[in-house]
Amino acid sequence: MKQVVITGTGLFTPPHAVGNAALVETFNAWVESENARHAEAIAAGEREPLQPSSEAFIVKASGIHSRYVLDAEGILDPERMRPRLPVRDDDALSIQGEMGVAAANEALEAAGVAAADIDLVIVACSNLERAYPAVAVELQAALGAGGHAYDMNVACSSATFAIDAATNAIRAGSASRVLVVSPEICSAHLNFRDRDSHFIFGDACTAIVLEDDAVATAESRFEVLGTRLATRFSNAIRNNAGFLNRVTDSDPQAADKLFVQEGRRVFKEVCPLVAALIDEHLASLSLRGDDLSRLWLHQANRHMNDLIARRVLGREASPEEAPIILDRYANTSSAGSIIAFHLHRADLAPGALGVVCSFGAGYSAGNVVVRRR
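Let me sum up the structure you'll find in this document. (Residues numbered from 1 in each chain as written. Predicted model: local features only at pLDDT ≥ 70, side-chain atom pairs only at ≥ 80, totals over all residues. Heavy atoms only, no water.)

**Some details on the overall build of the protein**
When its secondary structure is counted, the protein shows ten helices and 13 strands. Rg of the C-alpha trace for the protein: 21 Å, near the compact-globule value of 21 Å for 373 residues, within the 12% margin. Overall, the C-alpha framework of the protein stretches about 75 × 55 × 35 Å when taken along its three principal axes. By residue count, 54% of the 373 residues in the protein fall in the buried class. On the protein, roughly 16,200 Å² of surface is accessible, and the fraction owed to carbon and sulfur atoms is 50%. Side-chain charges in the protein split into 34 positive and 47 negative, and the spacing between the mean points of these groups amounts to 5 Å. (Helix = DSSP H or I, 4+ residues; strand = E, 2+ residues; numbered from the N terminus. Rg over C-alpha atoms; globule rule 2.2 N^0.38 Å. Buried < 20%, exposed > 50% of the residue type's maximum accessible area, 1.4 Å probe, protein only. Areas by Shrake-Rupley, 256 points an atom, 1.4 Å probe, with all protein chains shown as cover. Lys, Arg positive; Asp, Glu negative; His and termini not counted. Charge placed at Lys NZ, Arg CZ, Asp CG, Glu CD.)

**Focus on the side chain of Glu-138**
Relative to the helices and strands, Glu-138 is located in helix α5 (residues 135-143). When sequence neighbours within four positions are dropped, the list of residues in contact with Glu-138 reads Ala-92, Leu-93, Ser-94, Gly-97 and Arg-130. (Contact = heavy atoms within 4.5 Å.)

**Re unusual backbone geometry**
Note the cis peptide between Tyr-132 and Pro-133, where omega equals -5°. Looking at where Pro-133 falls in the secondary structure, it is placed in the loop between β4 (120-124) and α5. The peptide bond linking Gly-362 to Tyr-363 adopts the cis configuration, its omega dihedral lying at -10°. Backbone geometry at Ala-155 places phi at a positive 55°, although glycine is not the residue there. Turning to its location among the elements, Ala-155 is positioned in the loop between β5 (148-152) and α6 (158-172).

**Remarks on the pattern of salt bridges**
A side chain of one charge can pair with a side chain of the opposite charge when the charged atoms of the two come close. Using the criterion set out here, one finds 18 salt bridges in the structure. A salt bridge links Arg-371 to Glu-223; the shortest N-O distance between them is 3.1 Å. Of this pair, Arg-371 sits in strand β13 (residues 364-372) while Glu-223 sits in strand β8 (residues 222-231), and the two are 148 residues apart along the sequence. Exposure remark for Arg-371: the relative accessible area of 33% places this residue in the partly exposed category. In this structure, Arg-315 and Glu-321 form a salt bridge, with 2.7 Å as the shortest nitrogen-oxygen distance. Each of Asp-213, Arg-221, Glu-223, Arg-371 and Arg-373 takes part in one network of salt bridges that share partners. (Salt bridge = Lys/Arg side-chain N within 4 Å of Asp/Glu carboxyl O.)

**What about the nonpolar core?**
Val-274, Ile-278, Leu-282, Leu-295, Ile-308 and Phe-359 are the most contacted members of the largest nonpolar core, which has 53 residues in total. Counting only elements with at least two residues in this core, the list comes to α1 (20-37), α7 (263-284), β11 (292-297), α8 (302-313), β12 (353-360) and β13. In contact with Val-274, other than residues within four places in its own chain, are Ile-308, Cys-357, Phe-359 and Ala-365. Counting residues in hydrophobic clusters, the runner-up holds 36 residues, among them Ile-163, Ala-204, Leu-348 and Val-356. (Core = buried A, V, L, I, M, F, W, Y, C linked by side-chain atoms within 4.5 Å.)

**Details of the layout of surface pockets**
Estimated volume of the second largest pocket: approximately 230 Å³. Surrounding the second largest pocket, Pro-86, Val-87, Arg-88, Asp-89, Asp-90, Ala-92, Ser-94, Ile-95, Glu-129, Arg-130, Pro-133 and Glu-138 form its lining. Here the residues of the lining of the second largest pocket sort into five nonpolar, one polar and six charged. (1 Å grid on protein atoms, 1.4 Å probe; cavity = no way out; pocket = protein on both sides within 12 Å on 5 of 7 lines; lining within 4 Å. Points joined across faces, edges and corners; volume = space filled by probe spheres on them. Nonpolar A, V, L, I, M, F, W, Y, C, P; charged D, E, K, R; others polar.)

**Overview of the packing of aromatic side chains**
Here a ring pair, both rings aromatic, is described through the centre-centre distance and the interplanar angle of the planes. Throughout the structure, instances matching the rule amount to seven aromatic pairs. Between the aromatic rings of Phe-27 and Trp-30, the centroid separation amounts to 6.0 Å while the plane-to-plane angle is 50°, which identifies the pairing as tilted. One end of the pair, Phe-27, and the other, Trp-30, are both in helix α1, three residues apart, so they sit about a helical turn from each other. Its relative accessible area of 2% is what places Phe-27 among the buried residues. Between Trp-296 and Phe-341, the ring centres sit 4.8 Å apart and the planes meet at 90°, which makes this aromatic pair edge-to-face. Of the two residues, Trp-296 is situated in strand β11 and Phe-341 in helix α10 (residues 335-343); the sequence distance between them amounts to 45 residues. Taking relative accessible area as the criterion, Trp-296 reaches 0% and is therefore assigned buried. (Phe/Tyr/Trp six-rings, centres within 6.5 Å; stacked < 30°, edge-to-face > 60°.)

**Focus: the sheet that holds strand β1 (residues 4-12)**
Paired through their backbone hydrogen bonds, the strands of a sheet run either parallel or antiparallel. Taken in spatial order, the nine strands make up an open sheet running β5-β4-β6-β7-β1-β8-β13-β12-β11, and their pairing is mixed. Every other strand in the sheet has two partners, leaving β5 and β11 as the edge strands with one partner each. Strand after strand, the sheet turns through a mean of 25° between neighbouring axes, direction not considered. Alignment of β8 against β13, held across nine bridges, turns out to be antiparallel. The residue of β13 that forms the bridge with Thr-227 is Val-368. Of the strands in this sheet, β11 and β12 are in contact with α8, which crosses β11 at around 150°. (Pairing = 2+ DSSP bridges. Axes fitted to C-alpha atoms, helices over the stretch in contact; angles between N-to-C directions.)

Spelled out as structure tokens, the structure:
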């Protein structure tokens, strides 16, 4: 069987950083305005007053301190509270295409691979900015990549599911080099007027080059020892935005057209699912949790990561063993675990083992076990 290696990664970080203080100030200004507007109904007991947010609440609930976004001005405007991203001409490069080019070029340079030598481009993310033509095909053209391209969406597990598809394509001989790109514009599907979730997401784009080891030239390589995927249907995380909205006459601005979740239920149901997936995958490779040097976990919630790492390792994980990037990037959906891998792998010695794991809506979970060459 062909050996598949990760030879390069790239990361696009948006220019605007928004700290918790600024986000809370905007949210609380809106809350104050809404409560004043409905003061009579609140006084009559017909309506509950909206509750303010706080920096302490956000950090305790999630571990998030800041996030990067494509547009901060629109988010921090109490009259708007959503990013302002102007429509682009059909002949102009799309927003996700632009993010993808930036991340992909860094990954290609790290791998020492020319775009023309890529056989397959997969754009994998939670939300695509249009139904068609595929953003992946647009990105393929913008880069000058060869072969073919397609989009895929498995919510927060999109990147790891795409790594599985890329690995299988290389092992089957249908591709020698695959580029996986995850342009996540999470700020566009976040309800910044929901106290329980207004702080969760940020924007980012990652890129990964996977190659047949026989054709790879990069000195730094991570061999993919195996991939494993799992799905289980759940409504606990949902977004009802779709092309049927206009024919069902539903409100395109309604809360259910944005990110909605039952946080406590997600925590209770997803953590055991993910820990079991990692344990079973390791066992199939004759490995155990204490064989791992690194866990690059999905960056959604600090408490979830701590619990999953503890169950896999059988003890508390050190900051080096389970690196956290959500404190400054927030939840970037499928890009999160890849950002952690991108930023926290250079120190590993040859032979070191690690797991890239993502999980989220679906439920879906994807696992990639790698070994440093």
